[in-house]
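Structure assessment
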Amino acid sequence: MSIYDYSLPMTDGSELSLSDFRGKIMLIVNTATGCGFTPHYKPLEEMYEKYHDRGLEIIDIPCNQFAGQTPGTDEEIHEFCTLNYNTQFPQMKKSDVNGENELPLYSYLKSQKGFEGFGKGPAALMMGAMLKKIDKDYKNNPAIKWNFTKFLVDREGRVIARFEPTYDMKKVEEAVADLL
């Protein structure tokens, strides 16, 4: 299977087929409205505005699996994002990214790019310490660890990078720009 074989549930009940984005660069991100990483919406929207005309698509998948940091309905989440961050990229229905009810797309993404660490710095140390309490073996499984994990897909549909939420957003933008 390729990434183009997957679709995602949209808030209106329809399905978004990723084959619609064939030939484009995709940044797929699980998001939250009440997380310390929620300000990632700002650089994500800036990237979308800067690169969308050159082929970037950002796919926002709200997820409430991490400390309940995405409460509310799909409509409330969308309202929060548009009012606070003026987001214009597609936002999907709130969904699971891990476990029994995870989106099939996430099973695929995790099979293509597993967890490679949180990097360096205070946020990375904090995330590592917190996750060690939740899952002592977190370093050795591909599960999504927290909100705002990003997967970068090239124009040929290959998953080429996974960025944990602690990754510098400027580096994420550099990786996107390199594919344009």
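All values derive from a computational prediction rather than experimental measurement.

This paragraph deals with the packing of helix 1 (residues 41-51) against helix 5 (residues 169-179). The N-to-C vectors of helix 1 and helix 5 enclose an angle of 20°; their axes lie 11 Å apart at closest approach. It follows that helix 1 is roughly parallel to helix 5 by the angle criterion. The two elements helix 1 and helix 5 cross, and the hand of that crossing is right-handed. Contacts between helix 1 and helix 5 involve Pro43, Leu44, Met47, Lys50 and Tyr51 from the former and Met169, Val172, Glu173, Val176 and Ala177 from the latter. A breakdown of the residues in the contact of helix 1 with helix 5 according to their chemical character gives eight nonpolar, no polar and two charged.

On to the packing of aromatic side chains. Each aromatic ring pair is described using two quantities: the centre-to-centre distance and the angle formed by the ring planes. For the coordinates displayed, the defined rule picks out twelve aromatic pairs. Between Tyr48 and Phe89, the aromatic rings sit 5.7 Å apart at their centres with planes inclined by 70°, giving edge-to-face as the arrangement. With a gap of 41 residues between them, Tyr48 in helix 1 and Phe89 in the loop between helix 2 (74-85) and helix 3 (104-112) connect regions that are remote in the sequence. Exposure remark for Tyr48: the relative accessible area of 9% places this residue in the buried category. Taking the relative accessible area as the measure of exposure, Phe89 reaches 4% and is therefore buried. Taken together, the ring pairs in this structure connect Tyr41, Tyr48, Phe80, Tyr85, Phe89 and Phe148 into an aromatic cluster. Between Lys145 and the ring centre of Phe115, over which it is positioned, the NZ or CZ distance is 4.9 Å.

Within the open sheet, the four strands sit side by side as 4-3-5-6. Their pairing is mixed. Where the open sheet ends on each side, the last strands, each with one partner, are strand 4 (56-62) and strand 6 (159-163). The average undirected angle you get between the axes of adjacent strands in this sheet is 15°. Here strand 3 (residues 25-31) runs beside strand 5 (residues 150-153); their pairing, made up of four bridges, is antiparallel. Note on strand 5: the bridge partner recorded for Val29 is Lys150. Across the sheet, helix 3 lies against strand 3, strand 4, strand 5 and strand 6, angled at about 110° from strand 3, the strand it touches most.

Tracing the backbone shows Lys50 in helix 1. In this structure, the C-alpha to C-alpha distance between Lys50 and Ala177, residues 127 residues apart in sequence, is 9.9 Å. For Lys50, the side chain forms a polar contact with the side chain of Glu173, separated by 3.0 Å.

What counts, and where the lines are drawn
Residues numbered from 1 in each chain as written. Predicted model: local features only at pLDDT ≥ 70, side-chain atom pairs only at ≥ 80, totals over all residues. Heavy atoms only, no water. Axes fitted to C-alpha atoms, helices over the stretch in contact; angles between N-to-C directions. Helix = DSSP H or I, 4+ residues; strand = E, 2+ residues; numbered from the N terminus. Parallel < 35°, antiparallel > 145°, perpendicular 65-115°, else oblique. Left-handed = near helix turned anticlockwise from the far one by under 90°. Contact = heavy atoms within 4.5 Å. Nonpolar A, V, L, I, M, F, W, Y, C, P; charged D, E, K, R; others polar. Phe/Tyr/Trp six-rings, centres within 6.5 Å; stacked < 30°, edge-to-face > 60°. Buried < 20%, exposed > 50% of the residue type's maximum accessible area, 1.4 Å probe, protein only. Lys NZ or Arg CZ within 6 Å of the ring centre and 35° of its normal. Pairing = 2+ DSSP bridges. Polar contact = N/O pair within 3.5 Å; in protein donor to acceptor, adjacent residues only side chain to side chain.

Geometric descriptors of this kind do not, in isolation, establish any biological role.
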